[in-house]
Amino acid sequence: MNPLAPPGVYSPQADTALLAGALSEEPLPPGAEVLDVGTGSGALALEAARRGTRVTGVDVSWRAVCAARLNARLAGLRVRVRYGDLFAPVQGRSFDLILSNPPYVPAPDGRRPVRAWDAGGDGRLVLDRICREAPRLLRPGGVLLLVQSALSGPEETLGHLRAAGLEAGVTRRTLIPFGPVLRGREHWLREGGLLSAAEKKEELVVVRAELRP
């Protein structure tokens, strides 16, 4: 069953599937503590819960929180879903795995941002916060898995995570056709040098970072 995503809640797309694939390859013992940051409809949280893990989802949208709770109930899975900004609702806790499909699309100034995907002029408004805050919540041997666009600087993500003491690398990549959001700002992206004239598809990547014991 595909999770329900009412208007205003991010519907699972290619980036969700890419991160779910990385999750499926991650060794997780039953009872492992998993955090899904920006859970949206709860799609990734549900995938983790099916592995027998103890999952907490967090979202800054009450509509997303309600959708994720409903989807967990419909799937017969136990997922704790909390309302709040990134890691604020789980301060003082630690996790074996942190998942995140954050907003990462570069957005022009002067427009009202769409919270589900817009992330400032360079696409790093939320990514940089995750890089700063997530390492402190990982247990020794814990892993951060996040998905982002190549437009929003994967090398910067890797640099920040390595500087925090994590072993980090890109583990998955895929090319997808421009969706309606990128098509609508393609000219702006090319003018700003974020897209070259030759690029006709968007590259998505999964970054995996591990806190070695």
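These notes cover the structure that comes with them. (Residues numbered from 1 in each chain as written. Predicted model: local features only at pLDDT ≥ 70, side-chain atom pairs only at ≥ 80, totals over all residues. Heavy atoms only, no water.)

What follows is about the environment of L4. For L4, the position within the fold is in the segment before α1 (14-24). The sequence separation of L4 and T39 amounts to 35 residues, and the corresponding C-alpha distance is 13 Å. Sequence-distant contacts of L4, defined by excluding residues within four places in its chain, comprise S41, A67, L70, N71 and L74. (Helix = DSSP H or I, 4+ residues; strand = E, 2+ residues; numbered from the N terminus. Contact = heavy atoms within 4.5 Å.)

So, about helix α3 (residues 62-75). The terminal C-alpha atoms of α3, which comprises 14 residues, lie 20 Å apart, in line with the 20 Å expected from a rise of 1.5 Å per residue. Here α3 has its buried residues at A64, V65, A67, A68, N71 and A72. All buried residues of α3 lie within an arc of 165° about the axis, which places them on one face of the element. Among the structural elements, α2 (43-49), β2 (54-59) and β3 (79-83) are those in contact with the buried residues of α3. The N-cap residue of α3 is S61: its side-chain oxygen and the backbone nitrogen of R63 are 3.2 Å apart. Positive backbone phi, approximately 70°, marks G76, located one or two places after α3. (Expected span 1.5 Å × (residues − 1). Buried < 20%, exposed > 50% of the residue type's maximum accessible area, 1.4 Å probe, protein only. Arc of directions from axis to C-beta. Polar contact = N/O pair within 3.5 Å; in protein donor to acceptor, adjacent residues only side chain to side chain.)

Another aspect to go through is the sheet that holds β3. Taken in spatial order, the seven strands make up an open sheet running β3-β2-β1-β4-β5-β7-β6, and their pairing is mixed. The open sheet has two edge strands, β3 and β6 (167-177), and neither has a second partner. Neighbouring strand axes in the sheet, compared pairwise and without regard to direction, differ in orientation by 15° on average. With seven bridges connecting them, strand β5 (residues 138-149) and strand β7 (residues 201-210) associate as antiparallel partners. Across the sheet, V147 pairs through a bridge with V206, a residue of β7. (Pairing = 2+ DSSP bridges. Axes fitted to C-alpha atoms, helices over the stretch in contact; angles between N-to-C directions.)

Judged by nonpolar contacts, the single largest core of 57 residues is most densely connected at L35, F87, I98 and L144. For this core, the element with the highest residue contribution is β5, accounting for six residues. (Core = buried A, V, L, I, M, F, W, Y, C linked by side-chain atoms within 4.5 Å.)

Counted by the stated rule, this structure contains one aromatic pair. Aromatic side chains W62 and Y83 sit 4.4 Å apart centroid to centroid with 5° between the ring planes, which places their arrangement in the stacked category. With W62 in helix α3 and Y83 in strand β3, this pair connects stretches of sequence that are 21 residues apart. Using a relative accessible area of 38% as the deciding quantity, one classes Y83 as partly exposed. (Phe/Tyr/Trp six-rings, centres within 6.5 Å; stacked < 30°, edge-to-face > 60°.)

The final tally for this structure, using the stated rule, is 15 salt bridges. Salt-bridge contacts for R208 lead to E210; the nearest nitrogen and oxygen are separated by 3.0 Å. Classification of R208 by relative accessible area gives partly exposed; the value is 23%. By relative accessible area, which is 12% here, E210 ends up buried. (Salt bridge = Lys/Arg side-chain N within 4 Å of Asp/Glu carboxyl O.)

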